[in-house]
Amino acid sequence: MPQSIARLHHQTLLKLIKYFIASSLLAWLVSGCGFSLQTKAIIAYKTIFISGYPSPELRYQLMSTIPIFTSATITQNPALADLILVIERDEVNSSILAYSATGQITAFALNNLVGFYAHDQEGVSVMTERNIYVVRDMNFTVSTVLAAEIQQQQMVQDMKAELAMQIVRQLMALGRR
């Protein structure tokens, strides 16, 4: 019996060594292809001030998204900012897409337009005025008006998150200084 236990320990030890070698080899191969965990994008500006007229939802999304995905932080004081991001417009509207045979609205589109530009502390433009436009289609029935309102609010929140990420990508494209 003791000999079989020793053989079992020896086999287990050999399996562990094989797994270690295989995982080390896999890690070496993956690192050789340039794989690395996602890191924050290093942008040219350390602090950003958000100015203009963003909606509270867009301001919140920008204030949380910029520090997560970039090396920059958000400041509440424009005098401390390296970059001033100016949101000129943040408009949400809807348009009717379809009617039923009885004339009831059955589908509409939610539209969100954000216009923005950026300049540095000295007022030199680093990003010309740009517009980002996001559209979501939504089906609608008169019997579920309350559910449709909640769904519309959730879609607008998702649109704001997408717009914030698009703005962050534009900031990342500025490159390093």
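Residues numbered from 1 in each chain as written. Predicted model: local features only at pLDDT ≥ 70, side-chain atom pairs only at ≥ 80, totals over all residues. Heavy atoms only, no water.

(A) Structural detail: helix H2 (residues 56-69). The terminal C-alpha atoms of H2 lie 20 Å apart, and with 14 residues this matches the ideal 20 Å at 1.5 Å per residue to within 8%. Here H2 has its buried residues at Leu58, Gln61, Leu62, Thr65 and Ile66. Buried positions in H2, seen along its axis, are confined to an arc of 120° and lie on one side of it. Among the exposed residues of H2, those pointing more than 90 degrees away from its buried face are Pro56, Tyr60 and Ile68. (Helix = DSSP H or I, 4+ residues; strand = E, 2+ residues; numbered from the N terminus. Expected span 1.5 Å × (residues − 1). Buried < 20%, exposed > 50% of the residue type's maximum accessible area, 1.4 Å probe, protein only. Arc of directions from axis to C-beta.)

(B) Fine view of the confidence of the model for the protein chain. Across the protein chain, pLDDT averages 84, with 85% of residues at or above 70. Per-element confidence in the protein chain is highest for strand S1 (residues 47-52), whose mean pLDDT is 95, and lowest for helix H1 (residues 2-32), whose mean pLDDT is 71. (pLDDT = per-residue confidence, 0-100.)

(C) Structural context of the pairing of strand S3 (residues 83-99). As paired strands, S1 and S3 are joined by 5 bridges and run parallel to one another. Bridging across to S3, Phe49 finds its partner in Ile84. By the bridge criterion, 15 bridges tie S3 to strand S4 (residues 105-120) in an arrangement that is antiparallel. Counterpart to Val86 in the pairing with S4 is Tyr117. Hairpin connection, S3 to S4: the antiparallel pair is bridged by 5 residues, and Gly103 has positive phi, about 95°. (Pairing = 2+ DSSP bridges.)

(D) Looking closely at the side chain of Lys160. Structurally, Lys160 is set in helix H3 (residues 145-172). Lys160 sits in the buried class, given a relative accessible area of 2%. Discounting residues that sit within four places of it in the chain, Lys160 has contacts with Ser55, Glu57, Leu58, Gln61, Asp90, Val92 and Asn112. (Contact = heavy atoms within 4.5 Å.)

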